[in-house]
Every structure is written in structure tokens, then in C-alpha cells.
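# Report on the structure
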Amino acid sequence: MRRTSTLTACLLALLLALLAAPVAKAQVVGLYYKEAEKDGRIYIFNTPERYKSWQDSGGDMGTAVTLINRGPNGETLVAENETAMDLYLFKHNMEAYERPTPKPAVAAAFPATKISGRVFADFSTKENKDKGKTGGAAKSTDSGAGVDVKRFYFTVNHDFDAVWSAQLQSDIGDQGARRYDVFVKKAFLQAKVSPAFTLRIGSADTPWVPFVEGIYGYRYLETVITDHLSFGTSADWGLHVLGKVANDKVSYAFAALNGKGYSNPTRTKSVDFEGRVSFEPIKGLTLAAGGYSGKRGNDTDATPAKHTAERTDALVAYVNGPVRIGAEYFAAKNWNTTTSVPTDKSDGTSAFASFAATPALSIFGRYDNVKPSKDLKPALEFTYYNAGLQWRLNKSLAASAVYKFAEVKGGTLGTSNGTIGSAVANKKGEYNEVGLWAIYGF
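Residues numbered from 1 in each chain as written. Predicted model: local features only at pLDDT ≥ 70, side-chain atom pairs only at ≥ 80, totals over all residues. Heavy atoms only, no water.

## What to know about the nonpolar core
Among the nonpolar cores identified, the biggest contains 21 residues, and Phe211, Ile215, Tyr218, Tyr220, Leu221 and Leu315 are the most heavily contacted of them. Elements with a contribution of two residues or more to this core: α4 (209-216), β14 (309-320), β19 (397-409) and β22 (428-441). Counting residues per element, this core draws most heavily on α4, which supplies 5 residues. Setting aside residues no more than four positions away along its own chain, Ile215 makes contact with Thr286, Leu315, Ala317, Val319, Arg324 and Phe352. Counting 19 residues, the second-largest nonpolar core is a separate cluster that includes Leu229, Phe382, Ala406 and Tyr431. (Core = buried A, V, L, I, M, F, W, Y, C linked by side-chain atoms within 4.5 Å. Buried < 20%, exposed > 50% of the residue type's maximum accessible area, 1.4 Å probe, protein only. Helix = DSSP H or I, 4+ residues; strand = E, 2+ residues; numbered from the N terminus. Contact = heavy atoms within 4.5 Å.)

Here is the structure:
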């Protein structure tokens, strides 16, 4: 009886194997496989479309997996893909070839926090001199040699999820002959609905100045022209929308702002508006236009604004490979006369260029010319240029040997490098600075 049960079990197992064999055979037959020898190579396919394409082209394989001298007689194996190669090696009982195991996709972990920082520092000697005066009083109090830290940004980014995030950025700023101040530059809540639409509430990048800084590429050496002469600011409190569309060829940024910049969140009777649209018709070429309109935070019940400040911006630049070249233009109306009766106009241009002779070494230069007060002080004129050589040590650190020069005729003018000019009629003031500038990020 026991022997009969054993025999029955064996017969049942054999029957199941016979029934399963057609299924297994169908699975193997259903997977296309083809070998073809040509010119000392063995070509391997696992799709009929690719095999037909290879035949029609006269042997053009296109993208393929190639193993040299791995055939039975030392032939080169050329497979349509990794699956075809695996099938060939398995069929011919050959050793499998090693390749990196693909890393599994890891979903972004939320919440996530990132801390970063940037430092702008220099060691230089400078002279800011009123050419109309004589004696020691002709030079500004901050003329001389020394080390300076112009900016120290400390940034915390926190992602709540794939849409919502927040940023806080503190800034240690050089206040010239007075002191260093620590203050908040950016503090905003962000909702990135899509690449085409991002909303920020709080103090964030304004549409124009940071955009030009990114193209200029040498912000650590000098602020861009509108920021340099206080015809614009890099951040302000308000409501900001930005994004990229048309395969990232078009970008935009619009903001409703308090108007007094990131260091002063004062509310007034109305908000200001700033916007920018840029277009990249070909790789590297950027065409941009922007504008500003508002009371600059000066419209209060105690002191109503008498004029609206306006600014028009334009930029054309080409940044591709080792070449960086561009020009910026602005025209402003009543920028500094929102609370006074007289009206005024201003305009200026800035041209910059750089060339990377090697990945580490770049030569650069810039030239600015501005008429800050065409109606009220028509003789007032600002001219500026810089030139230097940058050495990029690594992704985090770059240093430049730079010479800067500025001249103000027909009065005095506040700049990022201090007040330049002459208090003596029909005279001028000059600013000269030479030294080493560096940027460090972490």
C-alpha cells in the first residue's frame, strides 16, 4: 500500500511537470532573441524592430552594450540592450558581465532643513578723495588699507513638503565708517505649485537686481548698477510670484512691495509694484525687461507723496561656456523726489564681460556711466570701472585681484563704496581701490 502511494505521488508530479512544460516553453518563445555575425562581431537582439532596423541600415547598431573579446572565439559582442546581452551569455553558458546595480529611487524625505552661508571679504587699499580740497581733509575717513567683510549671509531653508517651504536669511552688513549691523534680509513662506508658478510671502528677492546679479556673476566684487547707486534693492517685503514657462525659455517675476527695502518693513498708504520678464531665444542669450512703479514707502498721512517713482530696466547678455558678456540700462523718474515738489530724471548704462581662459582662471571687466539727476543737477555724472583676474580654487571658494575706479563730477553721490565727489563747485572726486576680493560658500 505504501509503495502504491509513493508511485501515485511520482506519477502526479510527472503529470504536473508535463502540464507546466508548454507554459514555460511559451514564455521562452514569447521573448524575442536573435544573433547575427558580421565583420568579426556578434550582434544580439531581443526586439524584432531593432533587428530589422539593423538590417535596413547595413549594420548600424546605434546605442548598444559592447563587450570586447567576450565571444566564444574572441569576437566582440554588441547587444541591443542589457537584457539581450544577459540572454546571450546565459544561452552560451558564459560568465555574466558585471555592471553597477541601479540604485533604487528614493523619495524625498520631508520635512528637510538645509543650512548654508556666503561670505564676501576683501583685503585692499583704497583712497576716496575730494579733488577740490587740499590737505588731509580731502580724503574720506575710511580711506586706507585693511580687511573688510562686506557681506555674511547665513541661510536656513526648511521644506515642509514638496510644495511648502520657508527661508530665513540673516545678513551681517558693512556700514562703512560706522559699524557692522546684523539684520534679516529674507524671511518668507513659499508655495511652489509648479515650475511655472511659485508664490512667496515676506521679504524675498526683488524681480530685477538678483536676476542681473546672477548673470553678471561677480556680485562679491561689486553690486550691480541699480543697487550700487540705490536705484533699486535686492530684497523687499511683500507678495512675490515667479516662475518659468515654455521649456524654461521664458521666466518672470512680479511683486507687490512695501517699498523701503528689506531693512525697513514699514507700512504706508499704498504698495509698490515691480516686475521682470526674460526670454532666452537661443542657449546662453538672455533678453530681459523690467519696471518699477510706486511711492517707495513714502506715502503716509503725515507726509503724502507728491510723485510716483518709476524705473524702466533692460538687459541683453550672452553667457555660454567661457564667455560672459552683457549690458544693462535703466531710466528712472522721480526716484529720489517722491516727497518733494521738483521732478527729476535719471538714467545709466553698465557693460560687463569676462572670459574663462581655463576652468580656474578668468579675466573680467566692467564699465558704468550714470546721470543720477538730469533735471535738478544736470552736471552730476558718475563713471565707474573695474578690471581683474579671478582664480576659482573650488566650488566653494574664489578669489580675485581687482582694481576699481570711480569718478563723480558736479557734486557728491552716495554709492556702495561710500560718498564720492566734491563739495567744491566745478570740481570732482575720485575713488581708487586695489586688492584681493574673495567669496566663500558653504
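## Some thoughts on the packing of aromatic side chains
Within the structure shown, the criterion is met by 18 aromatic pairs. When the centroid spacing of 6.1 Å and the interplanar angle of 25 degrees are considered together, the rings of Tyr51 and Trp54 count as stacked. With Tyr51 and Trp54 both in helix α2 (residues 48-56), this residue pair falls 3 residues apart, about one helical turn. With a centroid separation of 6.4 Å and 10 degrees between ring planes, the pair formed by Phe382 and Tyr384 is classed as stacked. (Phe/Tyr/Trp six-rings, centres within 6.5 Å; stacked < 30°, edge-to-face > 60°.)

## A few points about empty space enclosed by the protein
Going through the model one piece at a time under the given rule, you end up with 2 cavities of 30 Å³ or more. As a volume, the largest cavity reaches approximately 40 Å³. The wall of the largest cavity is formed by Tyr216, Tyr218, Arg324, Phe352, Ala353, Ser354, Phe364, Gly365, Arg366 and Asn386. In terms of residue class, the lining of the largest cavity is made up of 5 nonpolar, 3 polar and 2 charged. Here the second largest cavity is characterised by a volume of approximately 30 Å³. Val212, Tyr216, Val224, Ile225, Glu328, Ser350, Phe352 and Arg366 are the residues that line the second largest cavity. Its residues assigned to classes, the lining of the second largest cavity comprises 5 nonpolar, 1 polar and 2 charged. (1 Å grid on protein atoms, 1.4 Å probe; cavity = no way out; pocket = protein on both sides within 12 Å on 5 of 7 lines; lining within 4 Å. Points joined across faces, edges and corners; volume = space filled by probe spheres on them. Nonpolar A, V, L, I, M, F, W, Y, C, P; charged D, E, K, R; others polar.)

## Quick word on the pairing of strand β1 (residues 34-38)
Summarising the sheet, β1 and strand β2 (residues 41-45) pair through 5 bridges and their orientation is antiparallel. Considered in β2, the bridge of Glu37 is made with Ile42. (Pairing = 2+ DSSP bridges.)

## Describing the sheet that holds β1
In space, the 4 strands of this open sheet follow the order β1-β2-β4-β3, with mixed pairing throughout. Since the sheet does not close on itself, it has two edges, and those belong to β1 and β3 (65-67), each with one partner. Averaged over all pairs of adjacent strands, the angle between their axes in this sheet comes to 20 degrees, without regard to strand direction. (Axes fitted to C-alpha atoms, helices over the stretch in contact; angles between N-to-C directions.)

## A look at the confidence of the model for the protein
Per-residue pLDDT for the protein has a mean of 89; in total, 91% of the residues score no lower than 70. Here residues 1-29 scores under 50 on pLDDT; set against residues more than four positions off or in separate chains, the count is 0 contacts. (pLDDT = per-residue confidence, 0-100.)

## Topic: the pairing of strand β18 (residues 381-392)
Looking at chain direction, strand β17 (residues 361-371) and β18 are connected through 10 bridges and run antiparallel. Looking across to β18, one finds that Arg366 is bridged to Asn386. Inspection of the sheet shows β18 paired to β19 by 12 bridges, in the antiparallel sense. In the strand pairing of β19, Gly388 is matched with Val402. Taking the residues between adjacent antiparallel strands as the criterion, β18 and β19 are bridged by 4 residues.

## Section: the side chain of Ser165
Here Ser165 lies in strand β7 (residues 164-174). Excluding anything up to four places from it in sequence, Ser165 contacts His158, Asp159, Phe160, Phe188, Leu189 and Gln190.

## What about a nonpolar patch on the surface?
On the surface, a nonpolar cluster with roughly 720 Å² of combined accessible area is contributed by Val323, Ile325, Phe355, Leu361, Ile363, Leu389, Trp391 and Leu393. Along the chain, Ile363 turns up in strand β17. The class for Ile363 is exposed, based on a relative accessible area of 53%. (Patch = residues over 30% accessible without salt bridge, like charges linked within 9 Å, V, L, I, M, F, W, Y side chains within 5 Å. Areas by Shrake-Rupley, 256 points an atom, 1.4 Å probe, with all protein chains shown as cover. Salt bridge = Lys/Arg side-chain N within 4 Å of Asp/Glu carboxyl O.)

## What about unusual backbone geometry?
The step from Phe110 to Pro111 runs through a cis peptide bond, and the omega angle for that step is -5 degrees. Relative to the helices and strands, Pro111 is located in the loop between α3 (82-91) and β5 (112-130). The backbone of Asp248 shows a phi angle near 70 degrees, a positive value even though the residue is not glycine. Its place among the elements puts Asp248 in the loop between β10 (235-245) and β11 (250-257). Notably, Arg296 is not glycine yet its phi reads approximately 60 degrees, a positive angle. Relative to the helices and strands, Arg296 is located in the loop between β13 (285-294) and β14. The exposure class assigned to Arg296 is partly exposed, which follows from its relative accessible area of 22%.

## Here's the deal with the side chain of Asp171
By the secondary structure assignment, Asp171 is in strand β7. Accessibility expressed as a relative area gives 0% for Asp171, which makes it buried. Among the polar contacts made by the side chain of Asp171, one reaches the side chain of Arg151 at a distance of 2.9 Å. Contacts of Asp171, omitting those with residues within four sequence positions, involve Arg151, Phe152, Tyr153, Asp181, Val182, Phe183, Lys185 and Tyr262. (Polar contact = N/O pair within 3.5 Å; in protein donor to acceptor, adjacent residues only side chain to side chain.)

## Considering the environment of Phe211
Position of Phe211 among the secondary structure elements: in helix α4. Expressed as a C-alpha distance, the spacing of Phe211 and Ala235, which sit 24 residues apart in the sequence, is 11 Å. Setting aside residues no more than four positions away along its own chain, Phe211 makes contact with Ser251, Arg276, Ser278, Thr286, Ala288 and Leu315.

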